[in-house]
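# Geometric and topological summary
So the chains spell out like this:
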Amino acid sequence: MEWMAWTWPTALFFGIIAVTLITFTMLAIKYPEVPRNGVLGIETTRGDRLFITLLGSAFINLAWLGLLSAPQWGALVVCFFYALAVFRWV
């Protein structure tokens, strides 16, 4: 008995997360990170901003599912702009 239904979107999601983590690791090795202060008032690195983006995107998607009957692609667009804002100002 399988405990989870693996679909192409699910596999793609985890694949993109894995590629992103590998890319950020390679960037950190090639170009050492320098923490910066953003609107949160704390020092953040690229990895911190990635974590904040992933966590916020999860909540955006959950809220989208719970509050709206619109297609989930809309949440993806909102998450994209959220990620741009986090990497720019946080």
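Model, not experiment: these values are computed from the prediction. (Residues numbered from 1 in each chain as written. Predicted model: local features only at pLDDT ≥ 70, side-chain atom pairs only at ≥ 80, totals over all residues. Heavy atoms only, no water.)

## Some points on the layout of surface pockets
A water-sized probe, rolled over the atoms, reveals where empty space remains. To be explicit about the condition: In this analysis, the protein atoms alone were mapped onto a 1 Å grid. Cavities are point sets where a 1.4 Å probe fits without being able to get out; pockets are open sets with protein on both sides within 12 Å along at least five of seven lines; lining residues have an atom within 4 Å of a point. Grid points are joined across faces, edges and corners, and a volume is the space filled by probe spheres set on the points. Segments assigned H or I by DSSP are reported as helices when at least four residues long, segments assigned E as strands when at least two residues long, and all are numbered from the N terminus. Throughout this entry, Asp, Glu, Lys and Arg are counted as charged residues, while Ala, Val, Leu, Ile, Met, Phe, Trp, Tyr, Cys and Pro are counted as nonpolar. The remaining residues, Gly among them, count as polar.
Of the voids in this model, the largest pocket is the one considered here, and its volume is about 980 Å³. Every residue lining the largest pocket is counted, 23 residues in all, and those nearest its centre are Phe13, Ser57, Asn61, Leu76 and Cys79. Going through the elements one at a time, α1 (8–30), α2 (46–67) and α3 (73–89) are the ones with two or more residues in the lining of the largest pocket. No other element matches the eight residues that α2 contributes to the lining of the largest pocket. Looking at the lining of the largest pocket residue by residue, the class counts come to 18 nonpolar, five polar and no charged.

## Comments concerning the UniProt feature "transmembrane region" (unreviewed entry) in the chain
Heads up, the condition is: UniProt positions are given in the numbering used here, feature names are shortened, and annotations may be inferred rather than shown by experiment.
The positions UniProt marks with the feature "transmembrane region" (unreviewed entry) are residues 6–29, 50–67 and 73–89. Helix makes up 100% of residues 50–67 and strand 0%, whereas the separation of the span's terminal C-alpha atoms amounts to 25 Å. Secondary structure within residues 73–89 divides into 100% helix and 0% strand; the distance between the first and last C-alpha atoms comes to 25 Å.

## Examining a nonpolar patch on the surface
Note the following rule: Like-charged residues are merged into a patch within 9 Å and nonpolar side chains (Val, Leu, Ile, Met, Phe, Trp, Tyr) within 5 Å, provided each residue has over 30% relative accessible area and no salt bridge. Computed with a 1.4 Å probe, the accessible areas rest on the Shrake-Rupley method; for each residue, only the protein chains presented here act as cover. The salt bridge definition used is simple: a Lys or Arg side-chain nitrogen within 4 Å of an Asp or Glu carboxyl oxygen.
Together, Phe51, Leu55, Phe59, Leu62 and Leu65 line one region of the surface with nonpolar side chains, adding up to about 580 Å² of accessible area. Within the fold, phenylalanine 51 resides in helix α2.

## Topic: the packing of α2 against α3
Here is the rule: Interaxial angles span 0 to 180 degrees and are taken between N-to-C directions of axes, which are lines fitted to C-alpha atoms, for helices over the stretch in contact. Each angle gets one of four labels, with under 35 degrees taken as roughly parallel, over 145 as roughly antiparallel, 65 to 115 as roughly perpendicular, and the rest as oblique. Should the near helix be turned anticlockwise from the far one by less than a right angle, the crossing is termed left-handed; should it be turned clockwise, right-handed. Note on contacts: a residue pair qualifies if any of its non-hydrogen atoms lie within 4.5 Å across the two residues.
It is at 9 Å that the axes of α2 and α3 come closest, and there the two elements cross at 155 degrees. The orientation of α2 relative to α3 falls into the category roughly antiparallel. The handedness of the crossing between α2 and α3 is right-handed. Seen from α2, the contacting residues are Arg46, Arg49, Leu50, Ile52, Thr53, Gly56, Ser57, Ile60, Asn61 and Trp64; seen from α3, they are Gly74, Ala75, Val78, Cys79, Tyr82, Ala83, Val86 and Phe87. Residues that form the contact of α2 with α3 fall into these classes: eleven nonpolar, five polar and two charged.

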